[in-house]
Every structure is written in structure tokens, then in C-alpha cells.
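Working through the structure, step by step
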Amino acid sequence: MTRRLVVRVGVVLVLAALAAFAWRTRETGDKRAIRERIEALRTEVNASTRDGLGTAARSAQIGSYFTEDAIVELGGGSSIRGRATLMDMTARLQPRTAAFRLDLDDVGIEMMPGDVAADVILTASFVRRSSTGEESRDAREFALALVKTDGTWRISRITAIDTLR
Amino acid sequence: MLPTYQSGSLNLVNRLAYLNQNPSRGDIVAIKLAGPHVLYVKRIIGLPGERISMTEGQVYVNGAPLIEPYVRNRKPWDVPEVTLTSREYFVVGDNRGMRVSDHDFGRVDVSRIVGRIVF
């Protein structure tokens, strides 16, 4: 009887610990939405024109993930300003970017007070497969600023971070 | 990190290597970017407080040339002198056969060093 009681208490304690861990590591709805949004953008970039969409349609799709006044700072003083410019560049670069695969790792999300803005840090890898099948990977760290407008999270700024300075 | 390590090879990182000691010159270390899943593998050539520069591909530490037998391809890189802070190391790969602009190297904060590459 006593032994059975000890087992039951043990099971309850383990379940309580698991519940506490799940509670502490849970993601809020907005964090989950941001993560899904970034993953959707990655899928969009990798889809390129393989699914039959033309370059203009694809660029418009990618552009919808950014705010009207979005800024992309690539480092070395070069930057892209405005969603229209970004879409134009995406359309022109698409034949070349189709040869790459974009991977995103270590996506860290920090919500700003009010839950209408968030900062994201991630590692973006551009993976290229050579004709011999060998993959080369060029990884870069980025900081993203996102804002929630009309219930949708959009990127307002992307800044390349120099891990090695 | 060619020729010491092949691109895409599987390497083991000792995350405990620097619990009781600081990284040393010549150590090959793993450096995190946004997190632990994508890492740079680089060699430490400069320690905190030192002055590092490169002239015609030769590394100078506090003005003295650094002997680097592990470097096989050496292009004539020129890097202006930098002085490392008390938290910074200078890291670079062993493959220096490309243009300097095509290689990721430089100062790194100690907090980004994940551990030492074992093999």
C-alpha cells in the first residue's frame, strides 16, 4: 500500500514538473505567428518560379511580407529602401537566387511591450549545390524588426550583423 | 578551414574546454552566429589586448611576425592594424587562398566562442 502511494506521488510529481516545463517554454500566440510568418517567407523564397508563378507574382508574394517603408541593410553601407525597390530587386535577381536554397536557424524572438512589435535574431544560410553535388554554405546573422499591422506581422527592417568584425 | 578541416565535415566541439582556462593562440574554435546550430570554425591568432595586422599575407602580432605552418594557400592579404579589447579574440581560417573580401575573419567577442574543436 505504502509502495503504491509512493509510486502515485512520484507520477504526480513528474507530471507536475512536465506541466511546469511546458508552461515555461510555451510560445505566445504572437511569437508562434511570427515564427510561422518567417518560415512562410523562407518557403516563398525557396519556391522561386518552380511552382509556375511568374517573377512578378513571386516578387509580389515576397513583398507582402514587408512593410511599405521596409529597410534592408546588407552591411558595408549598402541598403535597400522601400518595399517597391525590394520587389524590383527580387524580380531581377530571381533567376540567380533560384540556384540557392535559403535555410533559417536559431530564430530567437523577443516581443516588445504592447505586443505590436518584435525583434528577431536568426542565422540565414544560403546553400548552393555545385554541378558535382557538393554543397557550399554561406551563413550570416541577421536582426529583423517586425510590426503588426492589420493583424499581420510584417518585416520593417532587416540588418546584417557582423559576427566577426 | 581548409586544409585543416574539410568543408561539410563532421567535427566534435569540446564545450567545456574553456571553463577553467582561456582560449589560446592556435586553438581552432567554434563560433556561434545567432545560436548554436550554425557555427563558424576558425583559428585564434590574436589574444585580448593584442595588436593584429596583416601585410602581404603575413600576420603580425604586436608588430612581430606570427609563424603559421598550418597555412598552405596564402594570398597577399593586407589588413590594417586593430587593437583587441579585453573581451576580443582575432580569428581567421587556415585557407587564405581566396580574396580577402571573400573570407570571414576578424574580431570576435569571447561570449560567441562555443568551444574548442577536438577533431
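Overview of the structure. Treat the numbers as computed from the prediction; the structure is a model and nothing was measured. (Residues numbered from 1 in each chain as written. Chains lettered and ligands numbered in written order. Predicted model: local features only at pLDDT ≥ 70, side-chain atom pairs only at ≥ 80, totals over all residues.)

Another point: the overall build of chain A. The helix and strand tally for chain A stands at 4 helices and 6 strands. Reading the helices (α) and strands (β) of chain A from amino to carboxyl end gives α-α-α-β-β-α-β-β-β-β. Since a compact globule built from 165 residues should have a radius of gyration of about 15 Å, the 21 Å found for chain A marks it as more spread out than a globular shape. Taken along the three principal axes of its C-alpha coordinates, chain A extends 75 × 45 × 40 Å. A buried classification covers 16% of the 165 residues belonging to chain A. (Helix = DSSP H or I, 4+ residues; strand = E, 2+ residues; numbered from the N terminus. Rg over C-alpha atoms; globule rule 2.2 N^0.38 Å. Buried ≥ 20, exposed ≤ 12 C-beta atoms within 10 Å, placed from the backbone.)

Broken down by element type, chain B carries 0 helices and 10 strands. Reading chain B from its N terminus to its C terminus gives the helix and strand order β-β-β-β-β-β-β-β-β-β. Over its C-alpha atoms chain B spans a radius of gyration of 14 Å, differing by no more than 12% from the 14 Å that the globule rule assigns to 119 residues. In terms of overall dimensions, chain B has a C-alpha envelope of 35 × 30 × 25 Å along the principal axes. Put simply, 58% of the contacts in chain B that link residues at least 6 apart link residues at least 24 apart. (Contact = placed C-beta atoms within 7 Å.)

What follows is about the sheet that holds strand β2 (residues 28–32) of chain B. All names here are of chain B. One open sheet holds the 6 strands; their spatial order is β1-β10-β2-β3-β8-β9, and the pairing between them is antiparallel. Each edge of the sheet is formed by a strand with only one pairing partner; in this case those strands are β1 (13–14) and β9 (106–109). Relative to strand β10 (residues 113–117), β2 is paired through 3 bridges, and the arrangement is antiparallel. Note that in β10 the partner of A30 across the bridge is G115. (Pairing = 2+ DSSP bridges.)

Okay, the sheet that holds strand β6 (residues 64–65) of chain B next. Strand order in the open sheet formed by 4 strands is β6-β5-β4-β7 (chain B), and the pairing between neighbours is antiparallel. Either end of the sheet is taken by a strand with one partner, and the two such strands are β6 and β7 (79–83) of chain B.

Listed as interface residues are 14 residues of chain A and, on the opposing side, 17 residues of chain B. Counting residues per element, the ones that place at least two in the side of chain A that touches chain B are β3 (100–111), β4 (117–129) and β5 (135–149) of chain A.

This part covers the pairing of β10(B). All names here are of chain B. Taken across its 5 residues, β10 has 4 buried, putting it largely inside the fold. Pairing between β1 and β10: 2 bridges, direction antiparallel. Paired with V13 across the bridge in β10 is I117.

V120(A), I155(A), V29(B), I31(B) and V91(B) are the most contacted members of the largest nonpolar core, which totals 40 residues. Among residues more than four places away in sequence, those in contact with V91(B) are L164(A), V29(B), I31(B), K42(B), R43(B), I44(B), F105(B) and V108(B). (Core = buried A, V, L, I, M, F, W, Y, C linked by C-beta atoms within 7 Å.)

This brings us to unusual backbone geometry. One non-glycine residue, D106(A), adopts positive backbone phi at about 50°. Of the residues examined, D106(A) has 15 C-beta atoms within 10 Å and is grouped as partly exposed. Residues other than glycine seldom take positive phi values, yet E56(B) does so here, at roughly 55°. Residue placement: E56(B) occurs in the loop between β4 (51–55) and β5 (58–61).

With respect to the helices, strands and loops of the structure, I80(A) is situated in strand β2 (residues 78–81). It is 9.6 Å that separates the C-alpha atoms of I80(A) and I158(A), two residues lying 78 residues apart in sequence.

Okay, helix α2 (residues 29–47) of chain A next. Residues and elements named next belong to chain A. Between its first and last C-alpha atoms α2 spans 27 Å; for 19 residues at 1.5 Å apiece the expected length is 27 Å, and the two agree. Within the sequence span of α2, burial applies to I34, I38 and V45. The arc enclosing the buried residues of α2, seen along the axis, measures out at 35°, which places them on a common side. Of the exposed residues in α2, those oriented more than 90 degrees away from the buried face are G29, R32, E36, E39, A40 and T43. (Expected span 1.5 Å × (residues − 1). Arc of directions from axis to C-beta.)

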